[in-house]
Amino acid sequence: MKDNVIGLLNKDMEGEHAAIIQYLVHAYAMGEGEMACEIEAIAREEMRHFDWLAETIVGLGGTPTITRGEMRTGGETVPAWMANDVEAEEDAIAMYTEHLKAIQDPDIKRLLRRILSDEKSHRLSFQHFVSKARKKGAGDLRGSRRDKTAEVLNWGIEHEYTVILQYLLHSYMSRNDEVKEEMQDQAINEMQHLGWLSEELVSGGGTPRIEHTGVDRSKKTANMLRADIKIEKEVAAEYDRASREMDDPGLKRLLTRIRDHEIYHAELFTDLLREEEGKA
Ligand SMILES: [Fe+2]
Ligand SMILES: [Fe+2]
Ligand SMILES: [Fe+2]
């Protein structure tokens with residue numbers, strides 16, 4: 001029974017994950033503007049759903065999934081994308097409705113009802129965006145730029161997406177409360193990086209490729225931290241190298257700023273590791 005519930009909640013997480021990335025892809029492709037901001041705000045609400053589901057799964061003794069469900073990425077125009085987002089919300093509404101029937105636990109039911117009510121409100125927002133985008137003639141700002149700069153930015157995007165998932169997973173799986181909290185915080189910081197790099201790439205005529213590489217699945221907190229420190233040190237060096245190669249001062253500043261954050265992360269994780277090792 002419990003395994004069945006964990007399975008259903010993990011399906012919900014896959015759906016949330018797909019929605020987050022689908023909405024971010026759309027928001028970034030539209031560039032700056034009111035509608036893009038509102039879509040990003042919806043993506044942030046889906047991230048909270050993702051978190052709540054993960055914590056519930058951990059409470060049941062399960063492992064939250066970082067598998068992404070299927071995204072609806074077709075469509076050439078903004079109204080077509082918004083119609084895809086309406087469909088994504090309809091899928092979510094159908095799934096939560098079904099899972100509410102299948103799950104008996106009153107606390108989990110309460111959570112799913114809360115999420116379901118958010119999804120209904122999101123569906124309404126996206127329906128509005130379909131007509132708003134039609135009126136405004138909003139377009140796809142992405143281009144086909146594939147030079148060195150675009151490559152560096154897409155490398156950064158891939159890295160940031162990977163560590164977001166890794167730190168979230170570590171925050172869910174660690175039993176050290178301080179580590180849990182810091183991992184959540186730094187995952188949010190990496191989401192900022194993902195947004196900055198994607199917006200920079202779109203404004204420069206490129207297309208963000210939001211895919212990730214392998215995520216560390218250590219079971220022990222100390223091993224999680226070792227993996228996190230390693231990746232931070234590698235990318236701090238890589239951002240440093242890339243920032244030196246950039247001629248554009250704005251781009252240089254952006255990469256240097258991210259580099260400084262990554263150095264901070266590496267130091268913070270090193271302190272946490274020292275404390276964790278002290279406990280053992
Ligand atoms: Fe959601
Ligand atoms: Fe980062
Ligand atoms: Fe980092």
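The coordinates are above.
The structure presented is a predicted model; accordingly, all values stated were derived computationally and were not measured. (Residues numbered from 1 in each chain as written. Chains lettered and ligands numbered in written order. Predicted model: local features only at pLDDT ≥ 70, side-chain atom pairs only at ≥ 80, totals over all residues. Heavy atoms only, no water.)

## Focus on the coordination of the iron ion (ligand 3)
How we decide: Water is absent from the atoms considered, so a metal site may look incomplete; donors are defined as N, O and S atoms within 2.8 Å of the metal, or 3.2 Å for Na, K and Ca. In this description a helix means any DSSP run of H or I spanning at least four residues, a strand means any run of E spanning at least two, and both kinds are numbered starting from the N terminus.
The iron ion (ligand 3) binds to the protein through Glu190 (OE), Glu232 (OE), Glu232 (OE), Glu262 (OE) and His265 (ND1), with metal-donor distances spanning 2.0 to 2.4 Å. Motif for the iron ion (ligand 3), donor spacing along one chain: E-x41-E-x29-E-x2-H. Separating the iron ion (ligand 3) from the iron ion (ligand 2) is a gap of 3.9 Å, bridged by Glu190, which donates to each. Of this pair, Glu190 sits in helix α6 (residues 177-203) while His265 sits in helix α8 (residues 249-279), and the two are 75 residues apart along the sequence.

## Regarding the side chain of Gln22
Just so we agree on the cut-off: It only takes one pair of heavy atoms within 4.5 Å for two residues to be counted as in contact.
Take Gln22: it is sitting in helix α1 (residues 2-30). Once residues within four sequence positions are removed from consideration, Gln22 is found in contact with Met71, Arg72, Asn84, Asp85 and Ala88.

## What about the pattern of salt bridges?
We apply this condition: Put simply, a salt bridge is a Lys or Arg side-chain nitrogen that is within 4 Å of an Asp or Glu carboxyl oxygen. Per-residue accessibility, obtained with a 1.4 Å probe over protein chains only, is compared with the maximum for each type, and a residue is labelled buried under 20%, exposed over 50%, and partly exposed between these values.
Using the criterion set out here, one finds 20 salt bridges in the structure. Ionic pairing is found between Asp140 and Arg142, a salt bridge with its closest N-O pair at 3.0 Å. Of the residues examined, Asp140 reaches a relative accessible area of 35% and is grouped as partly exposed. With a relative accessible area of 26%, Arg142 lands in the partly exposed category.

## Focus on the coordination of the iron ion (ligand 1)
The iron ion (ligand 1) binds to the protein through Glu16 (OE), Glu16 (OE), Glu46 (OE), His49 (ND1) and Glu119 (OE), with metal-donor distances spanning 2.0 to 2.2 Å. The sequence motif formed by the donor residues of the iron ion (ligand 1) is E-x29-E-x2-H-x69-E. Placement of the pair is Glu46 and His49 together in helix α2 (residues 34-59), with a separation of three residues, close to one helical turn. For the pair shown, Glu46 and His49 are each scored as buried.

Without other data, these values stay purely geometric and don't point to any function.
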